[in-house]
Amino acid sequence: MTSLMAETKVGAPLGAPVYELNRVSKTYAHNLVVALKEVDLTLRKGSFTSVIGSSGCGKSTLLKIMAGLIPPTKGRVVLQDKPVTGPRRDIGMMFQQATLFPWKTAIENIVLPIEIRDGKPAAKAAMAKAHELMEIVGLKGFEHVYPNELSGGMAQRTSICRMLITEPAVLLLDEPFSALDELSRDMMNMELQRICREQDATAFLVTHSIQEAVILSDEIVVMKPRPGRVSEIVKVDLPRPRTLEMMTTPEFGEIVEYIRTQLDKGEDM
Amino acid sequence: MTDLSNNASSSNSNDTLEDTVWVQEIAFIDSVPRWIAMTFVFVVFIGIWQFVTAFGFVSPIILPTPLETFQDMIFVGTNLVTGGYMLTALWITILEVIYGFALAIAIGFSLGVLVGETAFGEKAVMPYLVAIDTMPKVAFAPLFVAWLGFGIESKVALAAFIATFPIVVGTAAGLHAADENARMLFKTMGASRMQTLIKMKLPSGLPQIFTGLKIGAVGVMAGAITGEFLGGGKGFGELIRVAASQLNTPRVFSLILYLSLVGLALYLLVQFTQRKVVFWHAERVGSYDG
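Residues numbered from 1 in each chain as written. Chains lettered and ligands numbered in written order. Predicted model: local features only at pLDDT ≥ 70, side-chain atom pairs only at ≥ 80, totals over all residues.

Attention shifts here to the interface of chain B and chain A. Each partner contributes to the interface: chain B provides 12 residues, whereas chain A provides 16 residues. Secondary structure elements with two or more residues in the side of chain B that touches chain A: α8 (180-188) and α9 (193-231) of chain B. The element contributing the most residues to the side of chain B that touches chain A is α8 of chain B, with six residues. Of the residues belonging to the side of chain B that touches chain A, the class tally is seven nonpolar, four polar and one charged. (Contact = placed C-beta atoms within 7 Å. Helix = DSSP H or I, 4+ residues; strand = E, 2+ residues; numbered from the N terminus. Nonpolar A, V, L, I, M, F, W, Y, C, P; charged D, E, K, R; others polar.)

Next comes the structure, spelled out in structure tokens:
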């Protein structure tokens, strides 16, 4: 137990703040609908943060604001000391669906963000980096395969590479593996953890699964609806690297149970 | 767990019991190759045709026998192959179809992008297109003749007019086909509107666009022939009209058959192009859309 605690210290998020949100609010329909109320959030370098909450708690609104897809009504959104006022190349994003384009090969899909931002020659130059990334996620040899021929897990691995190709400072993950079956999902979560550690990535995950949030995260943001707000930030002191076996430990069960209770409280309102 | 092991041991001790093997019924038609089924329908069709004509149920002026029709097809075929007057007429009709289709693609695609991509087009232009589309378009034929004369221009105009709308609808629908995630992804990549259109919306919409092109390809033939019926000229439709007025029904039939080959060729050309361009989209057999 003592050795566990020691490792915990090493794995805890101690990096410098990368992404900071101060009093971020979002209202719709002339301030009648409050989607998000005064959210404060700090993502530290190399940390993994999850956000969990029932539908309507504003987590997708929060994610869209952090991605620069929609502006907040109030508050400050700052990534790497620069205010976020639109989509940026240092923001990487991944969705529930792999969203690969079937007329492009896997590697062409991966360099697409470069092609859009810097043009075709730059995309060609990025091919070498794409090859490296594909090797990291275990897709070596599938460079010139069309998405039709990829399994769901392989498609999501490809979209991980596409997210990483621009070397983003923050990874925004919108339930990335929820369309996969449970076995592939567990496997992909472990892959994701490994990739994040290797790249020292700062990740922000939206999920419906408490287990998934606990096994992956350093911090879990629990959100509650009407109005959407942060009710609590739970620290997860499980050692890193996490393994699937940890899901059977009492510590894991305790945290899951605690978050479930917090979420149930929100339902009473 | 104990249940499972019990089952396993009991099945071992029951080796003497008979296997429960049973025959799954398969519908007869599933065991017949397509070409045999098609030949069957063809033979039945010709048989009925032969029966009603040979035994005098139908006057030969109204419906010739299959044999007479076949003989006339050989005559027309010979004329076409040897470069006779029928080939000249057919070539005129083919030109009308090609020009009409090209015009329909140009106009239909442009209008489709206007309606499918811009809010203005969707709000202000689409209602008018729907209104015109519901009109019986052949009724415009006399107008086209009055405006463009008895040459091929009036036929090209009618053919294009009929074929344009399915292409507009296909293009507009295609531009809406891309899913929300793809749009969001392009936004996060900071794509311009033009990049989003060219690199995402148009390729995503190609299956629908080709559906529009295929329906248009069928319409363009109908337009060209109707134009010739109503506006004269020297095309294949004129040959049909003359043969019909002479009560030469075998000729009418064989001309229609050769004409349908042109229509089929155009349709197959579009389909071939679709398979090459939209290689990622699996197409179901015998369906309009891919």
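Alright, that's what it looks like, and here's the rest.
Bringing the packing of α9 of chain B against helix α11 (residues 249-277) of chain B into the picture now. For any two helices packed against each other, the geometry is given by the interaxial angle and the distance between the axes. Residue and element names in this part refer to chain B. Direction vectors running N to C along α9 and α11 enclose 170 degrees, while the axes themselves pass 9 Å from each other. Taken together, α9 and α11 sit at an angle that is classed as roughly antiparallel. Here Leu206, Phe210, Leu213, Lys214, Ala217, Val218 and Met221 of α9 come into contact with α11, specifically with Val262, Gly263, Leu266, Tyr267, Val270, Gln271, Gln274 and Val277. Looking at side-chain class alone, the contact of α9 with α11 contains 11 nonpolar, three polar and one charged residues. (Axes fitted to C-alpha atoms, helices over the stretch in contact; angles between N-to-C directions. Parallel < 35°, antiparallel > 145°, perpendicular 65-115°, else oblique.)

Before going further, it helps to examine the environment of Ala106 of chain A. Residues and elements named next belong to chain A. The topology assignment puts Ala106 in helix α3 (residues 106-110). On the neighbour-count criterion, Ala106 (25 C-beta atoms within 10 Å) is buried. Sequence separation between Ala106 and Ser159 is 53 residues, and the spatial gap between their C-alpha atoms is 8.9 Å. Sequence-distant contacts of Ala106, that is, excluding residues within four places in its chain, are made with Leu139, Phe142, Glu143, Val145, Pro147, Leu150 and Thr158. (Buried ≥ 20, exposed ≤ 12 C-beta atoms within 10 Å, placed from the backbone.)

Okay, α8 of chain B next. What α8 of chain B keeps buried is the set Leu185, Phe186 and Thr188 of chain B. Looking straight down α8 of chain B, one finds that the buried residues subtend no more than 160 degrees of arc, so they occupy a single side. Check the buried side of α8 of chain B and you find it contacts β6 (91-94) of chain A together with α9 of chain B. Of the residues trailing α8 of chain B, Gly190 of chain B is marked for its positive phi of about 70 degrees. (Arc of directions from axis to C-beta.)

The parts lose accessible area when they come together, and the size of an interface is often stated as this lost area. Residue and element names in this part refer to chain A. In terms of domain boundaries, chain A breaks down into domain 1 (2-90 + 185-267) and domain 2 (92-167). Put simply, the middle of domain 1 and the middle of domain 2, counted by C-alpha atoms, are 25 Å apart. Counted by class, the side of domain 1 that touches domain 2 contains three nonpolar, one polar and three charged residues. (Domains from an automatic or database assignment.)

Let's shift gears to the sheet that holds strand β2 (residues 33-44) of chain A. The strands that make up a sheet pair up through hydrogen bonds in the backbone, lying either parallel or antiparallel. Residue and element names in this part refer to chain A. The strand order β2-β1-β4-β5 describes an open sheet built from four strands, whose pairing is antiparallel. Two strands in the sheet have a free side with no partner beyond their single neighbour: β2 and β5 (82-83). Note: strand β1 (residues 17-28) against β2, eight bridges, orientation antiparallel. Bridge pairing in β2 links Pro17 to Arg44. (Pairing = 2+ DSSP bridges.)

This part takes up the domain arrangement of chain B. By domain assignment, chain B separates into domain 1 (33-63) and domain 2 (66-277). One C-alpha centre belongs to domain 1 of chain B, the other to domain 2 of chain B; they are set 31 Å apart.

On to unusual backbone geometry. Residue and element names in this part refer to chain A. The omega torsion across Arg226 and Pro227 is -10 degrees, close enough to zero to call that bond cis. Along the chain, Pro227 turns up in the loop between β9 (219-224) and β10 (229-235). Between Arg240 and Pro241 the backbone carries a cis peptide bond, its omega angle lying at 0 degrees. Position of Pro241 among the secondary structure elements: in the loop between β10 and α10 (250-267). Positive phi values are uncommon outside glycine, yet Thr99 reaches one of about 50 degrees. Note on placement: Thr99 falls in the loop between β6 and α3. Of the residues examined, Thr99 has 23 C-beta atoms within 10 Å and is grouped as buried.

What follows deals with the confidence of the model for chain A. For chain A, per-residue confidence averages 87 on the pLDDT scale, and 93% of positions sit at 70 or higher. Contacts of residues 1-13 of chain A to residues separated by more than four positions or lying in other chains number 12 contacts, the stretch itself having pLDDT below 50. (pLDDT = per-residue confidence, 0-100.)

All names here are of chain A. Every buried residue of helix α6 (residues 127-136) is listed here: Ala130, Leu133 and Met134. The buried residues of α6 occupy an angular sector of 100 degrees when projected down its axis, which confines them to one face. Of the surrounding secondary structure, the elements contacted by the buried residues of α6 are α3 and α7 (152-164). Just past α6, the residue Gly138 takes up positive phi, approximately 80 degrees.

Attention now goes to the nonpolar core. One finds Val111, Ala130, Cys161, Ile165, Val170, Leu172 and Phe204 of chain A to be the most contacted residues of the largest nonpolar core, which totals 78 residues. Broken down by element, the residue count for this core peaks at six residues, all from α7 of chain A. Sequence-distant contacts of Ala130 of chain A, that is, excluding residues within four places in its chain, are made with Ile107, Ile110, Val111, Cys161 and Ile165 of chain A. Ala104, Ile162, Ile209 and Leu255 of chain B belong to the second largest nonpolar core, which has 48 residues in total. (Core = buried A, V, L, I, M, F, W, Y, C linked by C-beta atoms within 7 Å.)

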